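Descriptive structure summary
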Amino acid sequence: MILINAHKLEKSFSSKTLFHSISFGLDEGERIGLLGPNGAGKSTLLKILAGMADLDSGQISKKKGLRLGYLEQTPTFQQSESVLSAMISKCNDPDDSYARAYEMMGVMDFYRFGDSFPAHKLSGGWQKRLALARELMSEPELLLLDEPTNHLDVASILWLEDYLCNLPTALLIVTHDRLFLQRVVTRIMDLDPRNPNELLNVPGDYLKYLEIKEQELHAQARHEKVLRNTLRRETEWLRRGAKARQTKQKARMEAAHELAANVSDLAAKNRHQKVGLDFGELDKTPKKLIEATGIAKSYNGETLFTELDMLVTPKTRLAILGHNGCGKSTLIRTILGYEKPDAGRVKVGATESSVASDVKISYFEQNRETLNPTQSVFKNICPQGDFVTYRGQHIHARSYLDRFLFSGTKVDLPVAKLSGGEQARLRLAQLMLKDAQVLVLDEPTNDLDSDTLEVLENALTEFNGAVIIVTHDRYFMDAVSRQILAFPPEGCSDRKLQLFSSYLQWEEWYENFKSQPKKSGVEKQKAKTPEPQTANSMRLSSKEKSELDKIESFIQNLESELQTLTTQSLNSDLVKDHQKMAKLHTEMAKLQETIDAKYKRWEELENRLKKPG
């Protein structure tokens, strides 16, 4: 069944045409990837389909009563919204939605926070998951997803892939995550001015799309060549001026004008301008750029990593992988010498500080803090004067920006008005003005289109210094890195990082890790805590010894009580009473806090017991 039929849609923004006369249909149960270069109008098209933006012309027909959901690129929540209230905020009758909301909380793993947790205090990845739950609560027949993998860590992306593949809802997804596209979508729509009809429709997966796209562009380039030869012959004939055949000559002149216009249109389509990235070469680069020995780091009492040795040389191509909040950015700042390790030592060049070091480091920050959002693109590149120095040459800033696809009035726009992909390109433009021996890129791939990602991959491969990247783009990760340094998964007590040769090797290891049976809390504590040694028992008071003897059975009773409450929370009759459910979840959260505190106390008593008297 057709859910949406779009006919000859047109949309312009300011003086730029985003798309012109595009037509397509969306069918029930399809999973469609919407691709295209930055600025082609993909997000705008989603907003138009969602009824959040207007068309310039064209017609959209929707199935009567179509239930449609829209997951925006950066979800927002009110400060007053809790996880539960945000989840039911778009339901027609919130009072009848609590049962489904609590079920959704279990599916999406929100019980770890509790239903009263403030939505705006969730991390970016968890806000994305909550926004998805909010849309699914209305049981849409068609779900529009704008960059759903942005801000998600790799484990969450794997979860999302599996979840969407088992969802009966039709999907239209804007994403540049190539592995995600290959695994999830069943059809590709490519919105690109270079395409013969602007919108290329390819049934099949991402690999099939790549084959068809290459064939289409190659055929179009051949067609331009044929028309150019035909135009050259016609022009030569007309210049001879056959006076005896004035009528025929006039007709051929008109045909030649039309042919020239067609050649011009084809030339414009085939003229594909790519970002010009080149991080340059330095004549002298030390063999040892960064050396870390036995480093460890904790934050707010939680160990992030421990006993890490690392050597960064000009040949280093290292990707750092881990869940959100595990400490990836902290690790980067520590090995660069911006933060001191709690244990071990870091040498940047010949010193133990990046400030005094002669090693040249360029750092792409995850949130692009170096960009000034209130200043223009031009001023962000050239704060003083009109020229920049690039590879020893003075170049006008407008000419330099042109290689990053900033031209015309775009150069004078404030950075705040740029898209995410344009901001990423501008930050890369800033980095290229600095000589570097070490490139550190923290989430550089967010919002970049496929063409720019390909250029960035090639530039990093050809760079003769070290490259350290943090990215959730798994294809990009494998294309650039030779080794992957992975943080332990959530729930793993061992904080030692592991090396893998490729992403797929890590994924296989991670799937095996998930499939292992999980031990109960008491079993985990037993496994990591040796039996107390009687020779040292005098380090505890008699009261503490009694506490230690009873603490295991006390924790077991608490866990049994928590299991009982958890079972009650799944009762279909109770789920309908949201006030009782809220009270029950509050009790569960308090009980979990008590259990965690008792485990910490148990470990403290055991550690004191193990110390020699």
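Preceding this paragraph is the structure being described.
Residues numbered from 1 in each chain as written. Predicted model: local features only at pLDDT ≥ 70, side-chain atom pairs only at ≥ 80, totals over all residues. Heavy atoms only, no water.

Counted according to the given criterion, the structure contains 23 salt bridges. Put simply, Glu30 and Arg187 hold a salt bridge, and the shortest N to O gap is 2.8 Å. Of this pair, Glu30 sits in the loop between β2 (16–27) and β3 (31–35) while Arg187 is found in strand β8 (residues 187–191), placing the two residues 157 residues apart along the sequence. With respect to burial, Glu30 and Arg187 carry one shared label: buried. Across the pair Arg474 and Asp177 runs a salt bridge whose closest N-O atoms are separated by 3.3 Å. You can see Arg474 sitting in helix α14 (residues 474–480) and its partner Asp177 sitting in the loop between β7 (170–174) and α6 (178–184), a full 297 residues away along the chain. Each of the two residues, Arg474 as well as Asp177, counts as buried. Several salt bridges converge on common partners, so that one network encompasses Glu161, Asp177, Arg183, Arg474 and Glu507. (Salt bridge = Lys/Arg side-chain N within 4 Å of Asp/Glu carboxyl O. Helix = DSSP H or I, 4+ residues; strand = E, 2+ residues; numbered from the N terminus. Buried < 20%, exposed > 50% of the residue type's maximum accessible area, 1.4 Å probe, protein only.)

Here the structure, examined in full by the defined rule, presents 14 aromatic pairs. Each ring, one from Phe110 and one from Trp126, has its centre 5.3 Å from the other, and the planes form 70°; the classification is edge-to-face. Of the two residues, Phe110 sits in the loop between α3 (98–107) and α4 (124–136) while Trp126 sits in helix α4, which places them 16 residues apart along the sequence. Taking relative accessible area as the criterion, Phe110 reaches 0% and is therefore assigned buried. Judged by centre distance (5.1 Å) and plane angle (20°), the rings of Trp159 and Tyr163 are stacked. Linking Trp159 with Tyr163, this pair stays in helix α5 (residues 154–165), spanning four residues, or about one helical turn. The partly exposed category is assigned to Trp159, whose relative accessible area is 23%. (Phe/Tyr/Trp six-rings, centres within 6.5 Å; stacked < 30°, edge-to-face > 60°.)

Quick look at α5 now. Here α5 is twelve residues long and its end C-alpha atoms lie 17 Å apart, about the 16 Å a rise of 1.5 Å per residue gives. Here α5 has its buried residues at Val154, Ser156, Ile157, Leu158, Leu160, Glu161, Tyr163 and Leu164. (Expected span 1.5 Å × (residues − 1).)

Inspection of the secondary structure puts Ser82 in the loop between β5 (68–71) and α2 (83–87). From its side chain, Ser82 meets the backbone oxygen of Asp115 in a polar contact 3.3 Å long. Setting aside residues up to four positions removed in sequence, Ser82 forms contacts with Asp115, Ser116, Phe117, Pro118 and Ala119. (Polar contact = N/O pair within 3.5 Å; in protein donor to acceptor, adjacent residues only side chain to side chain. Contact = heavy atoms within 4.5 Å.)

Take the sheet that holds strand β11 (residues 302–312) next. The sheet built from three strands is open, its strands ordered β11-β10-β13 with antiparallel pairing. Of all strands in the sheet, those with a lone pairing partner are β11 and β13 (343–348), marking the two edges. This sheet shows a mean twist of 25° between the axes of neighbouring strands, independent of strand direction. Across seven bridges, strand β10 (residues 290–299) lies against β11 in antiparallel orientation. Paired with Ala292 across the bridge in β11 is Met310. (Pairing = 2+ DSSP bridges. Axes fitted to C-alpha atoms, helices over the stretch in contact; angles between N-to-C directions.)

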